[in-house]
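Coordinate inspection notes
Here are the chains, one letter per residue:
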Amino acid sequence: MKNSFFALRISARRVVGLVVLVVFVMVLYHTQYPDRMMDTFDSQMNVNKVDLFQIINVTKTPRESLFKEAEAISHITFDTVEKEDTVYTILILISSFITHRNRRIRIRETWGNSSMWATADKYKVVFLTGKVNTASSMIEIAEEAKISKDIVLLDIPENFYLLSKKVIVGLTWAKHNMKFKSILKGDDDTFMNIDNIIHFINQNKKTDGYFGNLMYHQPVERKGRYKLTKEEHKNDYFAPYCSGGGYILTNSTVYKIVPNFDLEKNLKIDDAYIGEVAFNAGINATHTSGFYMWNTWCEYVKNIKVSHPAKDPECNQFLLLRSLIDNRKHPRDPVLEKQKYYKNVSYFITTSKNRTN
């Protein structure tokens, strides 16, 4: 009876919302693309999802935490990610706004493409997207997901202040669907050097690892975009955390923090929230070289693991080519190798000084 009640309680409002969304989109889609309508949505709505009862019955995680994990999983509208019977050295979860198709394509064609790198280790890139009220965008993401097989669509609205929920669902999904040594959570405007990341993971001896650009004794902002009220976070400083552009969690860390996630009670600053949950689980964020989170001028450094931001295709390509030359996957280029920055660094330094004056 408890299992039945739990399933009904979790799924009822999700099912109603999903049905309304699907019917709405299908009706609009039918008026424009009648031949493709059923092919696109039938294939997406029939993808395999995690069996909620299997989560409850198989694991040793406390029952209350399992209910929360099942609740998180229920926010997945569809999951087209191909599941392989392999343990990935690194599973890369990328938070991606649903309309950022060009960024996803760029990642797939550049650093997300395994043929670019020297390593023989397995890695996988998965995109986490939310929902919007535009029917055409929902249709396009369904069609993209069908082809790329690397997207998990959530019924969580695309909103900066809901990013924590996207991360919660993404990490919970990974725990129950994928086999991995570590997870790298990042954004779709980053560059990643896969060879350097995998080398770091294979050299790491820390079981409960949480690595990235450490933010220590960071004050809680009470106004502006990152504002949190005293009710939302009573302390004036955050627990140590790693910048959200890119950070690594070991397998053990993921399994320890996921049961402590709470979709209803979390911080709207997603990277700070991960730090709080990890800290409460006895896991300390560790500052690690190679995570360049404010690399606005697109500087190349040989130990680079993650660079943010890398919105410009040219910056992404520059960092990739420099990385491939150093990893001997690309012919030497004396001119390019003398170039340390893609952009004019003096401009950014001058602009920064003007802002502070």
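The rules behind these values
Residues numbered from 1 in each chain as written. Predicted model: local features only at pLDDT ≥ 70, side-chain atom pairs only at ≥ 80, totals over all residues. Heavy atoms only, no water. Helix = DSSP H or I, 4+ residues; strand = E, 2+ residues; numbered from the N terminus. Buried < 20%, exposed > 50% of the residue type's maximum accessible area, 1.4 Å probe, protein only. Contact = heavy atoms within 4.5 Å. Areas by Shrake-Rupley, 256 points an atom, 1.4 Å probe, with all protein chains shown as cover. Pairing = 2+ DSSP bridges. Axes fitted to C-alpha atoms, helices over the stretch in contact; angles between N-to-C directions. Expected span 1.5 Å × (residues − 1). pLDDT = per-residue confidence, 0-100. Salt bridge = Lys/Arg side-chain N within 4 Å of Asp/Glu carboxyl O. Polar contact = N/O pair within 3.5 Å; in protein donor to acceptor, adjacent residues only side chain to side chain.

**Digging into the overall build of the chain**
- A tally of helices and strands in the chain yields 13 helices and 13 strands.
- Counting over 357 residues, the chain shows a buried share of 50%.
- In the chain, the proportion of contacts linking residues at least 24 apart, taken out of those at least 6 apart, comes to 75%.
- Put simply, the chain shows about 17800 Å² of open surface, and 53% of that area lies on carbon and sulfur atoms.

**Section: the sheet that holds strand β2 (residues 88–95)**
- Read from one edge of the open sheet, 8 strands run β1-β4-β3-β2-β5-β10-β7-β11, paired in mixed fashion. The sheet is open, and its two borders are formed by β1 (76–79) and β11 (286–287), each paired with just one other strand.
- Contacts from helix α6 (residues 135–148) reach β1, β3 (123–131) and β4 (151–157) within the one sheet, and its direction differs from that of β4 by about 155 degrees.

**Description of helix α7 (residues 163–177)**
- End to end, α7 covers 21 Å across 15 residues, agreeing with the expected 21 Å (1.5 Å per residue, within 8%).
- For α7, the buried fraction is high: 12 of the 15 residues fall into the buried class.
- Those residues of α7 lying buried are Leu-163, Ser-164, Lys-166, Val-167, Ile-168, Val-169, Gly-170, Leu-171, Thr-172, Trp-173, Ala-174 and Lys-175.

**A word on the confidence of the model for the chain**
- With 79% of its residues at a pLDDT of 70 or more, the chain shows a mean pLDDT of 85.
- Scored below 50 in pLDDT, residues 15–58 makes 59 contacts in the model with residues more than four places away or belonging to other chains.

**Examining the sheet that holds strand β12 (residues 291–292)**
- Spatial strand order, β6-β13-β12: 3 strands in an open sheet with mixed pairing. Because the sheet does not close on itself, it has two edges, and the strands there are β6 (191–192) and β12.
- Relative to strand β13 (residues 306–307), β12 runs parallel, the two being bridged by 2 bridges. Residue pairing for β13: Tyr-292 is matched across the bridge by Ser-307.

**Some remarks on the pattern of salt bridges**
- Tallying each qualifying case throughout the model produces 16 salt bridges.
- Lys-185 is paired through a salt bridge with Asp-187; the nearest N and O atoms lie 3.2 Å apart.
- Its relative accessible area of 2% is what places Lys-185 among the buried residues.
- The closest approach of N and O atoms between Asp-236 and Lys-230, which form a salt bridge, is 2.9 Å.
- We classify Lys-230 as partly exposed; its relative accessible area is 44%.
- One salt-bridge network, in which partners are shared between bridges, spans Arg-104, Arg-108, Glu-144 and Asp-150.

**Structural notes on the side chain of Thr-190**
- Summarising the element assignment, Thr-190 is placed in the loop between β5 (180–187) and β6.
- Residue class for Thr-190 comes out buried when judged on its relative accessible area of 0%.
- A polar contact is formed between the side chain of Thr-190 and the backbone oxygen of Asp-187, at a distance of 2.7 Å.
- Filtering out sequence-adjacent residues up to four positions away, Thr-190 remains in contact with Trp-111, Gly-245, Val-306, Ser-307, His-308, Ala-310 and Asn-316.

**Describing the environment of Leu-184**
- Here Leu-184 lies in strand β5.
- Its relative accessible area of 0% is what places Leu-184 among the buried residues.
- Once the C-alpha coordinates of Leu-184 and Gly-212 are considered, the two residues, 28 residues apart in sequence, prove to be 9.6 Å apart.
- Those residues in contact with Leu-184, other than ones at most four positions away along the chain, are Ile-90, Leu-91, Ile-92, Leu-93, Met-192, Ile-197, Gly-246, Tyr-247, Ile-248 and Val-306.

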